[in-house]
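# Chains, contacts and geometry: an overview
Take a look at the letters that make up each chain.
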Amino acid sequence: MSESLLTFWQDATRCKNYSQPTGRLPPMKQRYSIFSLVRNALNYHADWQEAWRSPDPKPAYDVIIIGGGGHGLATAYYLAKEHGITNVAVIEKGWLGGGNTGRNTTIVRSNYLWDESAHLYEHSLKLFEGLSQDLNYNVMFSQRGILNLAHTVHDMQALRRRVYAIQLNGIDSEILTPAQIQEMVPLLDCSSNARYPIMGASLQRRGGTARHDAVAWGLARGADERGVDIIQNCEVTGFKIVNGTVQGIETTRGFIGAKKVGIVVAGHSGVIAGMAGFRLPLESHPLQALVSEPIKPILDTVVMSPQVHVYVSQSDKGELVLLCPGRQPADRGEPVERADRSVPGLQPAAHAAAVGRHRRYLP
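Residues numbered from 1 in each chain as written. Predicted model: local features only at pLDDT ≥ 70, side-chain atom pairs only at ≥ 80, totals over all residues. Heavy atoms only, no water.

Each regular strand carries side chains that alternate between the two faces of the sheet. Pairing between strand β9 (residues 236-242) and strand β10 (residues 245-251): six bridges, direction antiparallel. Bridge pairing in β10 links Val242 to Thr245. Between β9 and the antiparallel strand that follows it, β10, lie two residues; Asn243 among them carries a positive phi value of about 50 degrees. (Pairing = 2+ DSSP bridges. Helix = DSSP H or I, 4+ residues; strand = E, 2+ residues; numbered from the N terminus.)

Encoded structure:
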């Protein structure tokens, strides 16, 4: 976490006077349940409330969050829920979840080697485990397990080191033999004839996937219910800074004052920070992902191959989701080619769906 963001969090949690919202809170949201579904079905679903308001910006807020994706909405939601800071605006230049949130591969896990990463992501994973109940909104969190394959002796040594470190942090992780992997994922080619033979794998059973759109919508609904203004189609064009202190932001909808401003815009963070006159110690790197047309269910877990930098899962709609982290692939077919050789056993039907009829390509 950068020093500027850390300072923002420290200041925000200290400022108890922020907890006094201006104006009236929005009305309580309808609770989603089987009973509300049946009740609204009787009138052809004509009386559902809007999930969140679309207010005009107020002249000023205690806190402005730039970025209406999963992290920005979560920041606003937990400021309101945990700290009582409700005079908050989330500023989004497009539509909610239309940026990086709508283009990620939806994986949720905490199987990280280093202590700092492990504890951070384990806390996040625990939040996800109760998020649907907390938000009263189904984020479609599926703890289907995450497999990390090992293809060489060195891979197995590194895998054991990682698993033991994870276990020392009190996080679930285990090592599977090729026979156990084959039983869990029949699709995989665990034979010795595979181009990249599978010698073993680590498994985090609590890991899985969540529906990225639902996460954004649920957090938006929960933040709105607590008084947060969510302002879409409002692009930040600059900052007003006086004597080193932020006074607010300039936007395409005019100036909006703020005591604190949080920058939560993923790969665009450096650009927004530059508008405020400072440089973040961060670099943005593109990741290439491919999403196939829906096919019949063939993969009910997440399979990763760090050796060749690819992982594969299947969405609830049947789409194969493939990601190539690490570097820019040479062409649009490379995610599939990598998956086919490093996650052995992508059978012809899945391969054809991914190669010949890919529906969208996510930069």
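Ordered by their spatial adjacency, six strands build an open sheet running β8-β2-β1-β11-β10-β9, and the pairing between neighbours is mixed. Each end of this open sheet is capped by a strand with a single partner; those strands are β8 (229-231) and β9. Averaged over all pairs of adjacent strands, the angle between strand axes in this sheet comes to 40 degrees, irrespective of strand direction. Across the sheet, helix α3 (residues 70-83) lies against β1 (60-66), β2 (88-91) and β8, angled at about 145 degrees from β1, the strand it touches most. (Axes fitted to C-alpha atoms, helices over the stretch in contact; angles between N-to-C directions. Contact = heavy atoms within 4.5 Å.)

For the rest of this paragraph, the subject is α3. For α3, which comprises 14 residues, the first-to-last C-alpha distance of 19 Å matches the rise-based estimate of 20 Å (1.5 Å per residue) to within 8%. Most of α3 sits out of view: ten of its 14 residues are buried. Turning to α3, its buried residues are Gly70, Gly72, Leu73, Ala74, Thr75, Ala76, Tyr77, Tyr78, Leu79 and Ala80. Within two residues after α3, Gly84 carries a phi angle of roughly 70 degrees, on the positive side. (Expected span 1.5 Å × (residues − 1). Buried < 20%, exposed > 50% of the residue type's maximum accessible area, 1.4 Å probe, protein only.)

Turning our eyes to something else, we now look at the confidence of the model for the chain. Summing up the model confidence of the chain, the mean pLDDT is 84 and the portion of residues at 70 or higher is 82%. For the stretch residues 347-363, pLDDT sits under 50, and the model shows 43 contacts to residues farther than four places along the chain or on other chains. (pLDDT = per-residue confidence, 0-100.)

The biggest cluster of nonpolar side chains holds 31 residues, and the ones touching the most others in it are Leu73 and Val228. Listed by contribution, the elements that provide at least two residues to this core are β1, α3, β2, α4 (115-129), α5 (131-135) and α8 (212-225). For this core, the element with the highest residue contribution is α3, accounting for seven residues. Look past the residues within four positions of Val228 in its chain and what remains in contact with it is Arg53, Ala76, Ala80, Thr86, Val88, Val90 and Ala223. If you look at the next biggest cluster of nonpolar residues, it comprises 19 residues, including Ile91, Ile231, Val236 and Ala258. (Core = buried A, V, L, I, M, F, W, Y, C linked by side-chain atoms within 4.5 Å.)

Here the focus is the pattern of salt bridges. Two side chains bearing opposite charge may form a pair once their charged atoms approach each other closely. For the structure shown, the criterion picks out 13 salt bridges. Linking Lys259 and Asp62 is a salt bridge whose minimum nitrogen-to-oxygen distance equals 3.3 Å. Of this pair, Lys259 sits in strand β11 (residues 254-263) while Asp62 is found in strand β1, placing the two residues 197 residues apart along the sequence. Among the residues examined, Lys259 registers a relative accessible area of 42% and is labelled partly exposed. Ionic pairing is found between Lys81 and Asp134, a salt bridge with its closest N-O pair at 3.9 Å. Taken together, the positions of Lys81 in helix α3 and Asp134 in helix α5 put the pair 53 residues apart, joining distant regions of the chain. Relative accessible area serves as the criterion here: at 32%, Asp134 is assigned to the partly exposed category. Here the salt bridges share partners, and the residues they tie into one network are Glu122, Glu129, Asp172 and Arg206. (Salt bridge = Lys/Arg side-chain N within 4 Å of Asp/Glu carboxyl O.)

Before going further, it helps to examine the environment of Asp62. Here Asp62 falls in the buried class, since its relative accessible area comes to 7%. Sequence separation of Asp62 and Ala89 is 27 residues, and the distance between their C-alpha atoms is 8.5 Å. Side-chain polar atoms of Asp62 contact the side chain of Lys259, separated by 3.3 Å. (Polar contact = N/O pair within 3.5 Å; in protein donor to acceptor, adjacent residues only side chain to side chain.)

Before going further, it helps to examine the environment of Leu287. If you trace the backbone, Leu287 turns up in the loop between α9 (269-275) and β12 (288-291). Along the backbone, Leu287 and Leu323 are 36 residues apart, and their C-alpha atoms lie at a distance of 7.3 Å.

What follows concerns the packing of aromatic side chains. Enumeration over the complete set of coordinates arrives at five aromatic pairs. Aromatic side chains Tyr32 and Tyr137 sit 6.0 Å apart centroid to centroid with 55 degrees between the ring planes, which places their arrangement in the tilted category. You can see Tyr32 sitting in the loop between α1 (3-14) and α2 (34-41) and its partner Tyr137 sitting in the loop between α5 and β4 (146-150), a full 105 residues away along the chain. By relative accessible area, which is 29% here, Tyr32 ends up partly exposed. One aromatic cluster is present, built from ring pairs that chain together Tyr32, Trp48 and Tyr137. The aromatic ring of Tyr32 is capped on one face by Arg221, whose charged end is 3.8 Å from the ring centroid. (Phe/Tyr/Trp six-rings, centres within 6.5 Å; stacked < 30°, edge-to-face > 60°. Lys NZ or Arg CZ within 6 Å of the ring centre and 35° of its normal.)

Time to look at the environment of Asp155. Along the chain, the position of Asp155 falls in helix α6 (residues 153-168). On the accessibility criterion, Asp155 (16% relative accessible area) is buried. Setting aside chain neighbours within four positions, we find Asp155 in contact with Ala150 and Gln307.

What follows concerns a nonpolar patch on the surface. A grouping of Ile34, Phe35, Leu37 and Val38 is seen on the molecular surface, where their side chains present a nonpolar patch of about 420 Å² in accessible area. Along the chain, Leu37 falls in helix α2. (Patch = residues over 30% accessible without salt bridge, like charges linked within 9 Å, V, L, I, M, F, W, Y side chains within 5 Å. Areas by Shrake-Rupley, 256 points an atom, 1.4 Å probe, with all protein chains shown as cover.)

The next thing to look at is the pairing of β12. Side chains of β12 alternate between two faces, with Gln288 and Leu290 and Ala289 and Val291 buried alike. Sheet topology note: the β12/strand β15 (residues 320-324) ladder contains four bridges and is antiparallel. The residue of β15 that forms the bridge with Gln288 is Cys324.

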